[in-house]
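# Observations on chain architecture
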Amino acid sequence: MFHSLSYINSHIGFCGTIKNYPSDFIVTEIDAQGRSVSQARAESRDDFREIPAEQRSSGQYNHKKPRSVPQKLCWEDGGNEEFTSLDKQSGPEEILKFAGEDEDSIALGVGDWECDKDDILDSSLNVAANESLNQFACDVKDTWNAKAERTDGSTELSLGAIIDKKQRACLHSAIRQKFPFLITVTRNQEIVVKPNGDYKELGRLVSEEEVNDFFRYLDAKRENSKFTFKPDSDKEHRKAVHHFVNQRYGKLVETKSFSVAESIAGDQSVVITVRFREKTFRGKKRPLSESQDKQDEYTAFTLRKENLETFEAIGYLSSELGVLPSDFSYAGIKDKKAVTYQAMVVKKVAPERLKEIRSAVEKKGISIYNIHSVHQPLRLGQLTGNHFDITVRDLKRQTSDSSAKPKESIVEAIENVKTRGFINYYGPQRFGQWQSVQTDQIGLALLNNEMVKAVKLFFTPEDLDDPVNRAKKHFFQTEDAKGTLALLPEYKLRERMLLRALNRYGVTEEGCTRGWLSIPHSMRIFYVHAYCSKIWNEAASFRLETYGSKVVEGDLVSSEEKGREHLPLSDRVHVISAEEEAANVYAIHQVVLPMVGHSIVYPKNKVGQWYRERLGRDGLQTCRFRVSALQLNIPGCYRQILKYPRNVSYHLPEDGDVDGRMEASLSDEPSASLHISFDLDASCYATVCLREIMKCDL
């Protein structure tokens, strides 16, 4: 992929190697204030307000050991994990409304459901409506008991219009509390009652008492409350209950299993416990004191990692701290084969706890320091850029022309890129360099809703004999998710999350969809972004090969006027007119190309047509760039074709024999090395800048 890309400069270049050692490639994040994260002090960072010591000691943090899985907690797939990760599941529209997500239900706050249901029904409905409701409820039950269908066509009942929203909300709750086998919806202020098909289906799995209590619990929707099914020793039956609850109500609740003693004799059984997800209550107003407490949950630190992916480092940290990978936030993903420094924030972990695990993670190539309390997490892109300190070893000529002076060629190449810039390609690490299956291929499968194919690509092994690839080979050959889990190292969090879901739901389209949903959103969307990045790279090459460095009619330039950053994406770019092309109003470094998505506009020239044809070849000609099954939404963005390195400095050996050492680089003589430093904007790749300087693929 990388070797087919273009160059913008005309110098000769030179050859060499990078990343021979992790210390040859040092990356230091530059924070939103423009300072190196390894040098920034916590108390002076404007984006992270330091929390006073008296607040940190007031009990708002958990200063104890990490959350551990209780001894009697058991997973249905045999692993140890927190509540099921099937968040963002969506059920039928009526079910979401039934569970309190409709406009009327939101009119009641948490804790406002303490209305007496009989009083509400008597005061809100006239005698005829009340009798009709009771008769409808009896008919539904009789029909279900007789295993027959209603023949009079009355599959729903209207109770008439109720003007007051809060009165409607209380009436909704009263009906569903009294008749949990019914659901209610609002149509133009009219309350309509229907049979609850989910009640009937769950009634095939558990007792009538349990199903009644479950739906009443779901409707009451009290924060921090739990519901527990009766003890059950049948594992397959428990799986069926887990599956039903998560399939229908995974957006609202999560489930887990506990071992319990059923009798004095100590016989062991298992109960399924249900609790509401925290996000269910995010839309509710909280008391001021409570909202202030919720702010003080984050700890920031500088992460130094060596020869590790960002996700791998998070995996080790989350394992040591007993938190979820999604509890970590960061501004950007850093190189693996490097020493990198970056800001990171973790929620629900005290600074003291982070300090406790320092020695445990150091042996994994991780150091953490500059630990301090903050009020909010980090956001992707919340940085100015990155500073790079790079050593290029084994310098060699790129031409057989003996008249060319190698040292002069190096200086010329660096100065050219310093003044003329480089093509702003996405680097090879974006796509999984040296991997047989690259991340963009997985992203394309997800965009095409080919969930099984995406999983198979994800678990395609490399030709290496290590624990990770042995586990992948086992899954690739057998589809045995449980056996693969036993073989896979603990730190491979994405793989383990996927496998747990596949073990539970099977390697089917639905099972693989649930598998992808089980990993954090930032990891899911990473693969789709990789595909979009590949298309951008190809578009940039086509644009430069077609029109060169001249700005032409139909090109896009970004609108830089202050205050336009909040406009829709389609309004943030300007299309070059024929008159502007003739007058050379714009320069090539101002031209942008779209990253594909549902809200961008394409260039109004051959490049726009190229985008449409290119997406068509991948079967995406009608793609809306929304993968609803995975809760992925890709609006797109715009990216400058050219970028420039800043604060460039470089150093070659001072012995005056650089040329000779480059000539002797194929012998046993010591070879020459180049040390170069520069800053790049966020989302720019040092390997791409070096590629332009050296004119060779790295």
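Overview of the structure.

Calculation notes
- Residues numbered from 1 in each chain as written.
- Predicted model: local features only at pLDDT ≥ 70, side-chain atom pairs only at ≥ 80, totals over all residues.
- Heavy atoms only, no water.
- Salt bridge = Lys/Arg side-chain N within 4 Å of Asp/Glu carboxyl O.
- Buried < 20%, exposed > 50% of the residue type's maximum accessible area, 1.4 Å probe, protein only.
- Helix = DSSP H or I, 4+ residues; strand = E, 2+ residues; numbered from the N terminus.
- Pairing = 2+ DSSP bridges.
- Phe/Tyr/Trp six-rings, centres within 6.5 Å; stacked < 30°, edge-to-face > 60°.
- Contact = heavy atoms within 4.5 Å.
- Polar contact = N/O pair within 3.5 Å; in protein donor to acceptor, adjacent residues only side chain to side chain.
- Axes fitted to C-alpha atoms, helices over the stretch in contact; angles between N-to-C directions.
- Parallel < 35°, antiparallel > 145°, perpendicular 65-115°, else oblique.
- Left-handed = near helix turned anticlockwise from the far one by under 90°.
- Nonpolar A, V, L, I, M, F, W, Y, C, P; charged D, E, K, R; others polar.

Side-chain pairs of opposite charge can arise whenever the charged atoms involved come near each other. Here the structure, examined in full by the defined rule, presents 26 salt bridges. Notably, a salt bridge pairs Arg-470 with Asp-465, separated by 2.9 Å at the nearest N-O pair. A relative accessible area of 65% means that Asp-465 is categorised as exposed. Where Lys-643 meets Asp-681, a salt bridge forms, and the shortest distance between an N and an O atom there is 2.9 Å. Remark: Asp-681 occurs in strand E24 (residues 674–681) and Lys-643 occurs in strand E22 (residues 642–643); sequence separation between them is 38 residues. For Lys-643, a relative accessible area of 15% gives the class buried. With a relative accessible area of 23%, Asp-681 lands in the partly exposed category. Overlapping salt bridges bring together Asp-198, Glu-201 and Arg-248 as one network.

This part is about the pairing of strand E2 (residues 25–30). Across the six residues of E2, five count as buried, placing the element largely inside the fold. Sheet topology places E2 next to strand E12 (residues 339–347); three bridges connect them, and they run parallel. When the bridges of E12 are listed, Thr-28 appears paired with Tyr-341.

For the coordinates displayed, the defined rule picks out 29 aromatic pairs. Considering the side-chain rings of Tyr-426 and Trp-536, the 6.1 Å spacing of their centres and the 90° angle between planes classify their relative orientation as edge-to-face. Of this pair, Tyr-426 sits in the loop between strand E15 (422–423) and helix H15 (439–447) while Trp-536 sits in helix H21 (residues 521–547), placing them 110 residues apart in sequence. The same class applies to Tyr-426 as to Trp-536, namely buried. A centroid spacing of 4.6 Å and a plane angle of 45° characterise the contact between Phe-459 and Phe-475, whose relative ring orientation is tilted. Of this pair, Phe-459 sits in the loop between helix H16 (451–458) and helix H17 (467–478) while Phe-475 sits in helix H17, placing them 16 residues apart in sequence.

It is worth spelling out the environment of Lys-695 at this point. With respect to the helices and strands, Lys-695 occurs in the segment after helix H25 (686–694). Sequence separation of Lys-695 and Ser-10 is 685 residues, and the distance between their C-alpha atoms is 9.2 Å. Setting aside chain neighbours within four positions, we find Lys-695 in contact with Tyr-7, Asn-9, Ser-10, His-11, Ile-12, Gly-13, Gln-398 and Leu-690. Engagement of the side chain of Lys-695 in a polar contact is seen with the backbone oxygen of His-11, the distance being 2.8 Å.

What follows deals with the packing of helix H14 (residues 406–420) against H25. It is the contact of H14 with H25, at a shortest axis distance of 8 Å, that shows an interaxial angle of 125°. In terms of their interaxial angle, H14 and H25 are classed as oblique. Here H14 runs over H25; the crossing is right-handed. Residues Ala-413, Ile-414 and Val-417 of H14 form the contact with H25, whose participating residues are Cys-689, Glu-692 and Ile-693. Split into classes, the residues belonging to the contact of H14 with H25 amount to five nonpolar, no polar and one charged.

A few words on the sheet that holds strand E4 (residues 157–161). Whenever strands of a sheet pair, they do so through backbone hydrogen bonds, lying parallel or antiparallel. Taken together, three strands build an open sheet; the order of strands is E4-E6-E5 and the sheet is antiparallel. Where the open sheet ends on each side, the last strands, each with one partner, are E4 and strand E5 (182–187). Strand after strand, the sheet turns through a mean of 20° between neighbouring axes, direction not considered. Pairing of E5 with strand E6 (residues 190–195), which is carried by six bridges, proceeds in the antiparallel orientation. If you follow Leu-182 over to E6, its bridge partner there is Pro-195. Of the strands in this sheet, E4, E5 and E6 touch helix H6 (residues 165–178), which is tilted by about 160° from E5.

For any two helices packed against each other, one specifies the crossing angle of their axes together with the interaxial distance. At a closest axis distance of 9 Å, the pairing of H6 and helix H8 (residues 208–220) adopts a crossing angle of 165°. Here H6 lies roughly antiparallel to H8, going by the angle between them. The interaxial crossing formed by H6 with H8 has left-handed handedness. For the pair H6 and H8, contact is made by Ser-173, Arg-176, Gln-177 and Lys-178 and by Arg-216, Asp-219 and Ala-220, respectively. Grouping the amino acids of the contact of H6 with H8 by side-chain chemistry returns one nonpolar, two polar and four charged.

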